[in-house]
Amino acid sequence: MENISIRKIAIETKLKQEEDGLNQMKDSLSKSEQLTVGMITILTSMESRLHKLEEAITPVHQETEHLTLLQENIEKASIVTDKLISIHQIPEEEEESVKRGPSDNIDSYLRSLEKLRKCVEFFKKSKPGSHDLDKCESLFTEGASLLNREFRAILVHHCKPIAPAKLHEIVTYHLDSDVISLSSHGSLNSLTSTNSIDAASESTIEHICESALDKLRLIANWLSEVACSKEFVEAYSQVRSDICERTLTGLKDHIHKAVTGTHTISTLAGLSKKHNSMSIETENKKKQKSGKRRELKRMSSSALIQPSAGRKNSTVPSLDSTGMGIDENLERAHTFPLLCIAFVKLSQSEMELMKSVLPSKYWSSALSNLLQKSLILICGEGEKIITVVKQYISKNEYASVLYACPIVRHFRNMTADYEIIFKELPNSARIKLKNLISSFKETGGKGLEEFTASIKNDSDKQSNLPKDGTVHELTSNTIIFMEHLMEYSETAGDMLNYNNQNLDSSSSQSQELGHGHYRTILGSYIVKVLVALRANLERKAKCYESVALQSIFLMNNYHHILKSLERSGLIEWITTLEDGTTLEEHYKNLITEQQKNYQKCWNKITQNLTEENKSYHSNLDESKMSRGSRQIIKDRFKAFNTGFEEIQKIQQHYSIPNEQLRNNIRKENIDFVVPLYESFLQKHGNSQFTKNRDKYVKYSVQDLISALSTFFDISA
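Given the structure is predicted, the values throughout are model-derived calculations rather than measurements. Sequence order sets the numbering: in each chain, residues are counted from 1 along the sequence as written. Local features are withheld for residues below a pLDDT of 70 in this predicted model, meaning they are given only at 70 or higher, and side-chain atom pairs are given and counted only at 80 or more; totals for whole chains, interfaces and linings count all residues. The side-chain quantities take in all heavy atoms of the structure and omit both hydrogens and water.

1. Focus: the overall build of the chain
Runs of H or I in DSSP of at least four residues are treated as helices and runs of E of at least two as strands, each being numbered from the N terminus. A tally of regular secondary structure across the chain gives 26 helices and two strands. Scored against the burial criterion, the 716 residues of the chain give a buried share of 45%. Contacts between residues were defined by any pair of non-hydrogen atoms, one from each residue, lying within 4.5 Å. Sequence separation of at least 24 residues holds for 79% of the intrachain contacts in the chain that already meet a minimum separation of 6. Under the convention used here, a 1.4 Å probe and the Shrake-Rupley method define accessible areas, while residue burial counts only the protein chains that appear. Of the accessible surface of the chain, which amounts to about 37,700 Å², a share of 51% is contributed by carbon and sulfur atoms. Three exposure classes are used, based on accessible area relative to the maximum for each residue type with a 1.4 Å probe and protein chains only: buried under 20%, partly exposed in between, and exposed over 50%.

Given below as structure tokens:
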């Protein structure tokens, strides 16, 4: 029971504790409710106050925002108004400066025009058709027009024709140094790696100064991009075209005056040697050339260029030493290669100058118009030369072909330069220049072929033959012509190849042969000429009544041909002929053949020295020689003397100009006649066939040798 009581007391104690805790919790809950109510009251009051504050501030904020917007609008309106006022004032402000023109201040003038351009754009949008728009457009158009006028004025003021002497110096310097370059702003520079810097700087020409170029470039860009004008392009093309034409015309007249009556074909040989395997020689080097070269120059100046008044139908025209009666257009062929080089260099220079001034979209049309007059001048000069060359060829004066050779060589050597120009020219201009080049080739090729035909058909009249059997004029002129043609081996071969292609419709006219092939063509042509020459000489020889003179004539001509071919080097161009012999062997055989034919002239008198008929000879004592035998000996001595004197008298007037050949023929005569005479003289000279021995034995052996040594010498 005690345990139950204790347990009951513990339970009651614990229950009391629980009740106390519950009461405390109720007190706490009550206090919390009181605090909550208080907080709610406070928040409700705050909310009410905030709501009242919002209601008070919102109208103020809205009013402030409205006022701010009004202020911004006022500021914007003020700016726009100021801008409108300034735009409307621009025409009046810029009118005076625009009408005054750009003068020296291009930048300021362009700024004024830029303002007007913006005004035009503004009024087109805001006030189309208004007076303000018309005024702005009128001022802008006037300003652009004045700017075009200023562009032309700057060009005219700063563009002057190149002095002929200076351009001549530059082109000649180009020929000597073979180096020309163009500056970045259109100046023509001549540079060399061997000459001094001073020499190069002296050969520099500046078309337009840098300050003027800057102005032109600025104006051109503005007119192109802003004003969309093309008038300045036409002005540029016109002014530069006139300058180029005047420059070339001045150079043409200058060189023509300088070379008239003084230049020869050999001089022309150096006029267009660009990219040649051998460099062009200076004047000092020319003076140091071999005797052969100087002889060619002498012969060309005396026999090759100008037709003499006395020979209307000669195969090769001669140069009139007086310088009279020369066709002016043919004489101007001297200047043509230089003129063409000047055209090429000016064209290249103009391309560089144009690219530094004009926008790229105008380059093609501008260059085409710019070069038009110069191209017409060049083609006109070339066509005149072609016409005159054809006229001379029709008169059988084929040295005129040599005028075409340096011109064709110039076009060949400067093909790359012309191709650069062709790319910039319209098709019609390219065709015109290419046709000119083709015409020169065709004319030269036909002239060379007709030259061969003229040799073959040259007149066989007795009056045209040298009476002494010396070298015929046809031979001399033909060899001289070919020697000069050798200087243009590739060129002449090209002309012949072009002519052959024209004759052969199945071949392409554009076909180009490799280096050296043209020399082969020319070598074949030379063989053809020599064959024609030989055939003509053999026909001419038959006009002589004397067989000996026929042989002398052919020997002289064959020997002259052989030595001339050896001296000039032409013989090296023909390796073998169709029969397998060399050209040297061929002519030596011909000479030997004629030497044998010539020896036949002695047959008649040497028959008197032979003892085929021995009826007069006897082994008996000479004092007992029969009258018939003595008479035969007399007759034979007399016949020999008469025949020899007749031959000597005739052949003293024959001519063998070459000393070596002359001595050879004399020696052969001595070797052939003297032994026979000496043998006959030994047998019968001391016999008692006559009491008047001196009457029949006129020559001792030495006298006969001396007499034979006077042959072919009219002074003996």
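Moving on from the coordinates now.
2. A short note on a nonpolar patch on the surface
Judged by side-chain polarity, Met46, Leu50, Leu53 and Ile57 come together as a nonpolar surface patch covering roughly 390 Å² of accessible area. Assignment of secondary structure puts methionine 46 in helix α1 (residues 2–100). Exposure above 30% relative accessible area and no salt bridge define the residues that can form patches, which grow by joining like charges within 9 Å and nonpolar side chains of Val, Leu, Ile, Met, Phe, Trp and Tyr within 5 Å. Think of a salt bridge as a Lys or Arg side-chain nitrogen and an Asp or Glu carboxyl oxygen that are within 4 Å of each other.

3. What to know about the packing of helix α14 (residues 401–413) against helix α17 (residues 473–486)
Here α14 crosses α17 at 5°, and the two axes come no closer than 11 Å. With respect to their mutual orientation, α14 and α17 come out roughly parallel. Here Val401, Leu402 and Cys405 of α14 lie close against α17, whose contacting residues are Phe481, His484 and Leu485. Residues that form the contact of α14 with α17 fall into these classes: five nonpolar, one polar and no charged. Axis definition: a line fitted to C-alpha atoms, over the contacting stretch in the case of helices. Angles run 0 to 180 degrees between N-to-C directions. Orientation labels follow simple angle bins: below 35 degrees gives roughly parallel, above 145 gives roughly antiparallel, 65 to 115 gives roughly perpendicular, and whatever is left gives oblique. When residue character is reported, Ala, Val, Leu, Ile, Met, Phe, Trp, Tyr, Cys and Pro are called nonpolar, Asp, Glu, Lys and Arg charged, and the others, Gly included, polar.

4. With respect to the nonpolar core
A general tendency of soluble globular proteins is for nonpolar side chains to be buried together. Among buried residues, the Ala, Val, Leu, Ile, Met, Phe, Trp, Tyr and Cys ones that are joined through side-chain atoms within 4.5 Å form a nonpolar core. Ranked by size, the top nonpolar core spans 157 residues in total, and within it Phe151, Phe440 and Phe644 carry the most contacts. The dominant element in this core, judged by the number of residues it contributes, is helix α13 (residues 363–394), at 14 residues.

5. Digging into the pattern of salt bridges
If you walk through the whole model with that rule in mind, you get 16 salt bridges. Linked through salt bridges whose partners overlap, the residues forming this network are Arg412, Lys441, Glu490 and Asp494.

6. Quick look at unusual backbone geometry
With phi around 65°, asparagine 396 is a residue other than glycine that occupies positive phi space. Relative to the assigned elements, asparagine 396 resides in the loop between α13 and α14.

7. Notes on the packing of helix α15 (residues 415–424) against helix α16 (residues 427–456)
Two elements in contact, α15 and α16, have axes whose closest approach is 8 Å; the angle formed by their N-to-C orientations is 150°. As far as their axial angle goes, α16 and α15 are roughly antiparallel. In the packing of α15 onto α16, the handedness of the crossing is right-handed. Contacts from Tyr418, Phe422 and Lys423 of α15 reach α16 at Arg430, Leu433 and Lys434. Split by residue class, the contact of α15 with α16 holds three nonpolar, no polar and three charged. What makes a crossing left-handed is the near helix being turned counterclockwise from the far one by less than a right angle; a clockwise turn instead makes it right-handed.

8. Focus on the packing of aromatic side chains
Note on aromatic pairs: the rings of Phe, Tyr and Trp (six-membered ring only in Trp) are paired at centre separations within 6.5 Å, and the planes decide the class, stacked below 30 degrees, edge-to-face beyond 60, tilted for the rest. According to the stated counting rule, one finds 19 aromatic pairs in the structure shown. Between phenylalanine 411 and tyrosine 418, the ring centres sit 5.4 Å apart and the planes meet at 55°, which makes this aromatic pair tilted. Phenylalanine 411 gets classed as buried once you look at its relative accessible area, which sits at 4%. Look at tyrosine 418 and you get buried, because its relative accessible area is 2%. Ring geometry for phenylalanine 451 versus phenylalanine 481: centroids 4.3 Å apart, planes at 35°, classification tilted. With phenylalanine 451 in helix α16 and phenylalanine 481 in helix α17, this pair connects stretches of sequence that are 30 residues apart. Owing to a relative accessible area of 0%, phenylalanine 451 belongs among the buried residues under this scheme. Connected via pairs of aromatic rings, a cluster forms that spans Tyr598, Trp602, Phe640, Phe644, Tyr677, Tyr699, Phe711 and Phe712. Here the guanidinium or amino end of lysine 395 rests over the ring plane of tyrosine 392, the centre of that ring lying 5.6 Å away. The rule is short: NZ of Lys or CZ of Arg within 6 Å of the ring centre and within 35 degrees of the ring normal puts a charge over the ring.

9. What about the side chain of serine 568?
Along the polypeptide, serine 568 turns up in helix α20 (residues 547–568). When its relative accessible area of 7% is taken as the criterion, serine 568 is described as buried. Polar contact is the term for a pair of N or O atoms within 3.5 Å; when the atoms are in protein, one must be able to donate a hydrogen and the other to accept it, and sequence-neighboring residues count only if both atoms are side-chain atoms. Here the side chain of serine 568 touches serine 564 through a polar contact of 2.9 Å, landing on its backbone oxygen.

10. A word on helix α12 (residues 336–357)
With 22 residues, α12 extends 31 Å between its outermost C-alpha atoms, agreeing within 8% with the 32 Å of an ideal straight helix rising 1.5 Å per residue. For α12, the tally of buried residues reaches 20 of 22 residues, placing the bulk of the element in the interior. A helix's residues, less one, multiplied by 1.5 Å, set its expected span.

11. Structural notes on the side chain of serine 489
Within the secondary structure, serine 489 is located in helix α18 (residues 489–503). Accessibility expressed as a relative area gives 12% for serine 489, which makes it buried. Setting aside anything within four residues of it in sequence, one finds serine 489 in contact with Tyr518, Arg519, Leu522 and Trp573.

12. Some details on the environment of leucine 537
Position of leucine 537 relative to the elements: it lies in helix α19 (residues 517–541). A sequence separation of 20 residues divides leucine 537 from asparagine 557, and the C-alpha atoms of the two residues are 8.0 Å apart. Look past the residues within four positions of leucine 537 in its chain and what remains in contact with it is His472, Thr475, Phe553, Leu554, Asn557 and Ile561.

13. A look at the confidence of the model for the chain
The predictor attaches a confidence to each residue, and that confidence, scored 0 to 100, is pLDDT. With 76% of its residues at a pLDDT of 70 or more, the chain shows a mean pLDDT of 76. Within the chain, α20 carries the highest mean pLDDT (91), whereas strand β1 (residues 180–182) carries the lowest (32). Segment residues 177–203 is flagged for pLDDT under 50; beyond a separation of four residues in sequence, or across chains, it makes 70 contacts in the model. Every residue in residues 261–325 is under pLDDT 50, and counting partners more than four places away or in other chains gives 142 contacts.

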